[in-house]
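These are the residues of each chain, in order.
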Amino acid sequence: MSMKKSKIITGTGCLILLLATGFVCYRNITPAARYHLEVMKLGENGYGYKIYEGERTIIVQPFIPVIAGKRAFRAEQDARRVGNLVLERIEAGDEFTISKGDLDNLGVTY
């Protein structure tokens, strides 16, 4: 094998190794979000939320959980606070049901 071919092969191998190492480092530094929250407007005066795993919907919550009746959240920030709590619990692998105490701690009006 000629010296020129050897240098090309070595250079190509180093480039591939460098690109692979960069890709692995990038994936470890900026992992893709597995779950995300979307607050949704319901009619004139209400809000709910959805939680996604990637593109798949795993929770649709159009009503305040643990409250009798089907009442939507009155304020967008209430739906967001409860949705974020559920999201945090899912990401932590914890039980994600909501209690009245959780609603009170978050200042949710119901």
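This report concerns the structure included in the present document. In this text the structure is predicted, and so the values were computed from the model without any measurement. Each chain carries its own residue numbering, running from 1 in the written order of its sequence. Only residues with pLDDT of at least 70 get local features here, since the model is predicted, and only at 80 or more are side-chain atom pairs given and counted; chain-wide, interface and lining totals rely on the full set of residues. To obtain the side-chain values, all non-hydrogen atoms of the structure were used and water was disregarded.

1. As for the overall build of the protein
When helices and strands are counted, the protein shows 3 helices and 3 strands. Runs of H or I in DSSP of at least four residues are treated as helices and runs of E of at least two as strands, each being numbered from the N terminus. Reading the helices (α) and strands (β) of the protein from amino to carboxyl end gives α-β-β-β-α-α. Only protein chains enter the area calculation, which uses a 1.4 Å probe; residues under 20% of their type maximum are buried, those over 50% are exposed, and those in between are partly exposed. Expressed as a percentage of its 110 residues, the buried residues of the protein come to 27%. Once local pairs closer than 6 in sequence are excluded, the contacts in the protein between residues at least 24 apart make up 45%. Put simply, the protein shows about 7,800 Å² of open surface, and 57% of that area lies on carbon and sulfur atoms. We call two residues contacting when some pair of their heavy atoms lies within 4.5 Å. Exposure was quantified through the Shrake-Rupley algorithm and a 1.4 Å probe, taking into account, for residues, occlusion by the shown protein chains and nothing else.

2. Concerning the packing of aromatic side chains
For Phe, Tyr and Trp, rings pair up if their centres lie within 6.5 Å, where Trp contributes its six-membered ring, and each pair is then called stacked (planes under 30 degrees apart), edge-to-face (over 60) or tilted (otherwise). Considering all chains together, one arrives at 1 aromatic pair under this definition. Plain terms: the ring middles of Tyr49 and Phe73 are 6.1 Å apart, the flat faces sit at 45° to each other, and that makes the pair tilted. In this pair, Tyr49 is assigned in strand β2 (residues 46–53) and Phe73 in the loop between β3 (56–61) and α2 (76–92), connecting sequence segments 24 residues apart. On the basis of relative accessibility, which here comes to 2%, the residue Tyr49 falls in the buried class.

3. Structural notes on the pattern of salt bridges
Any Lys or Arg side-chain nitrogen found within 4 Å of a carboxyl oxygen on Asp or Glu counts as a salt bridge. Scanning the model with the defined rule gives 5 salt bridges in all. Across the salt bridge formed by Glu53 and Arg56, the nearest N and O atoms sit 2.7 Å from each other. Using a relative accessible area of 51% as the deciding quantity, one classes Arg56 as exposed. The salt bridge involving Arg89 is made with Asp102; its shortest N-O contact spans 3.0 Å. Pair noted here: Arg89 is in helix α2 and Asp102 is in helix α3 (residues 100–106), with a separation of 13 residues, a long-range link. The burial state of Arg89 is the same as that of Asp102; both residues are buried. The network of salt bridges with shared partners includes Arg34, Glu53 and Arg56.

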